[in-house]
Amino acid sequence: GDQQTIHNHKSWGFTGILYVEYDPTVHTPTCFVAPWQDPRSDTTSLAYPSNVKEGTIFISPSYTLHFVHPNQVRKHRTIISFDLLPKLPDHQSVD
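Keep in mind the model is a prediction, meaning the values are calculated, not measured.

The rules behind these values
Residues numbered from 1 in each chain as written. Predicted model: local features only at pLDDT ≥ 70, side-chain atom pairs only at ≥ 80, totals over all residues. Heavy atoms only, no water. Phe/Tyr/Trp six-rings, centres within 6.5 Å; stacked < 30°, edge-to-face > 60°. Buried < 20%, exposed > 50% of the residue type's maximum accessible area, 1.4 Å probe, protein only. Helix = DSSP H or I, 4+ residues; strand = E, 2+ residues; numbered from the N terminus. Salt bridge = Lys/Arg side-chain N within 4 Å of Asp/Glu carboxyl O.

Chemist: When you look at the packing of aromatic side chains in this model, what are you seeing that I'm missing?
Modeler: Describing an aromatic ring pair means giving the distance of the ring centres and the angle of the ring planes. This model, assessed by the stated rule, comprises 3 aromatic pairs. Ring centres 5.0 Å apart and planes at 70 degrees place the aromatic pair Tyr19 and Tyr22 in the edge-to-face group. As far as burial versus exposure is concerned, Tyr19 and Tyr22 are alike and both buried. Ring centres of Phe32 and Phe58 lie 6.2 Å apart, and the angle between their planes is 65 degrees; this geometry places the pair in the edge-to-face category. With Phe32 in strand β3 (residues 31-38) and Phe58 in strand β5 (residues 57-61), this residue pair connects regions lying 26 residues apart in the sequence. Judged by relative accessible area, Phe58 falls into the partly exposed class, the value being 24%.

In structure tokens, the structure reads:
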């Protein structure tokens, strides 16, 4: 099924994730990867948002690593992602 491998969007700004077609009984939400190791177990922490439903939107820093597991059912899962890049003053431009 459809999936998205681990990635981020940019080193600055924000990324939005909108769940358009999503059935929490058969689909898994976007998984976010913590940007640090858990000091107790020395492992990477993964976070799955709870209570995701159609219309849910998440906004996170664009550098946050995230991915979506393969869709294991025939039912469509539609997620739209977008970037919010604020206009910076000329002296702070990243271009």
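Okay, back to it.
Chemist: Can you help me understand the pattern of salt bridges in this one?
Modeler: A pair can form between side chains of opposite charge whenever their charged atoms are brought close. Applying the stated criterion to the full structure yields 2 salt bridges. For Lys75, the salt bridge is made with Asp23, and the minimal N-O distance between the two is 2.7 Å. Residue Lys75 is located in the loop between β6 (66-68) and β7 (78-84), and its partner Asp23 is located in the loop between β2 (14-21) and β3; the two are separated by 52 residues in the primary sequence. Residue classification places Lys75 among the partly exposed residues on the basis of a relative accessible area of 46%. Asp38 serves as the salt-bridge partner of Arg40, at 3.3 Å between the closest nitrogen and oxygen. Overall, Asp38 belongs to the buried group, its relative accessible area being 14%.

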